[in-house]
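Chain residues, written in single-letter form:
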Amino acid sequence: MTAPLFDRLGGMEAVMAAVDIFYDKLLADPLVADFFNGVDMEKQAKKQVAFMTWAFNGPQEYRGRDLRTAHRHLVQRQGLGDAHFDAVAGHLQATLEELGVAPELIAEVMAVVGGTRNEVLDR
Ligand code: HEM
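Predicted model, so just to flag it, every value in this text is computed and none were measured.

**Overview of the environment of aspartate 122**
By secondary structure assignment, the location of aspartate 122 is in the segment after helix 7 (117–120). Looking at aspartate 122, the number of C-beta atoms within 10 Å reads 15, which means it is partly exposed. Taking C-alpha positions, aspartate 122 is 30 Å from glycine 11, a pair spaced 111 residues apart along the chain. For aspartate 122, the contacting residues outside a window of four places in its chain are Arg68, His71, Arg72 and Val75.

**Section: the site of the ligand**
For the ligand, the set of nearby residues contains 22 residues, the closest of which are Phe51, Gly64, Arg65, Ala70 and Val88. Residue assignment for the shell around the ligand shows that the elements contributing at least two residues are helix 3 (41–55), helix 4 (67–78) and helix 5 (82–98). Among the residues forming the shell around the ligand, the class breakdown is 14 nonpolar, 6 polar and 2 charged.

**What about the nonpolar core?**
The biggest cluster of nonpolar side chains holds 12 residues, and these are Phe6, Leu9, Val15, Ala18, Val19, Phe22, Leu26, Met52, Val88, Leu92, Leu96 and Val109. Where this core is concerned, the elements lending two or more residues are helix 2 (11–28) and helix 5. Counting residues per element, this core draws most heavily on helix 2, at 5 residues. Excluding residues within four positions of it along the chain, phenylalanine 22 makes contact with His91, Leu92 and Thr95.

**Some thoughts on the packing of helix 2 against helix 3**
Where helix 2 contacts helix 3, the two axes come as close as 10 Å, and the packing angle between them is 130°. By the angle class used here, helix 2 and helix 3 are oblique. At the point where helix 2 passes helix 3, the crossing takes the right-handed sense. Across the interface between the two elements, Val15, Met16, Val19 and Tyr23 of helix 2 pack against Met41, Ala45, Gln48, Val49, Met52 and Thr53 of helix 3. Residue classes in the contact of helix 2 with helix 3 are distributed as 8 nonpolar, 2 polar and no charged.

How each quantity is defined
- Residues numbered from 1 in each chain as written.
- Predicted model: local features only at pLDDT ≥ 70, side-chain atom pairs only at ≥ 80, totals over all residues.
- Helix = DSSP H or I, 4+ residues; strand = E, 2+ residues; numbered from the N terminus.
- Buried ≥ 20, exposed ≤ 12 C-beta atoms within 10 Å, placed from the backbone.
- Contact = placed C-beta atoms within 7 Å.
- Near = placed C-beta within 6 Å.
- Nonpolar A, V, L, I, M, F, W, Y, C, P; charged D, E, K, R; others polar.
- Core = buried A, V, L, I, M, F, W, Y, C linked by C-beta atoms within 7 Å.
- Axes fitted to C-alpha atoms, helices over the stretch in contact; angles between N-to-C directions.
- Parallel < 35°, antiparallel > 145°, perpendicular 65-115°, else oblique.
- Left-handed = near helix turned anticlockwise from the far one by under 90°.

See the structure below:
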């Protein structure tokens with residue numbers, strides 16, 4: 001049996017490292033940085049760790065809002081759309097590449113994240 005994606009990525013430490021680099025990239029990108037204005041990044045990063053842990057079949061349960069509810073106001077009031085989703089997904093991919101994660105694992109992560117598109121974009 002194949003180990004959960006979470007374990008194969010290197011467990012919680014690796015996921016935390018990825019989240020740190022990922023958020024730096026988001027805030028440095030003018031296409032998406034504005035969406036995070038006024039968001040407490042420390043809390044947000046914790047939620048992201050929890051979400052990724054869940055998405056990658058890790059040990060913790062995700063207890064935040066569902067992705068549709070969490071992003072709906074961004075779609076309705078700030079025009080969150082495919083271009084932003086692609087940018088965020090691209091930053092995650094670049095982060096994993098920088099960390100030296102194996103290409104097959106990156107492909108699995110991107111498939112999980114890609115599967116959230118319609119929920120995040122509320123359609
Ligand atoms: C790529 C797939 C995505 C995933 C898996 C994801 C995941 C999450 C999670 C788990 C939360 C916290 C939910 C909670 O409050 O409990 C969140 C919040 C948020 N996300 Fe995403 N997200 C994604 C895409 C995006 C995109 C494309 C943007 C904007 C460019 C974005 C901007 C935000 C913002 C601003 C919040 C905070 C909302 C608030 O608290 O007012 N997310 N996201």
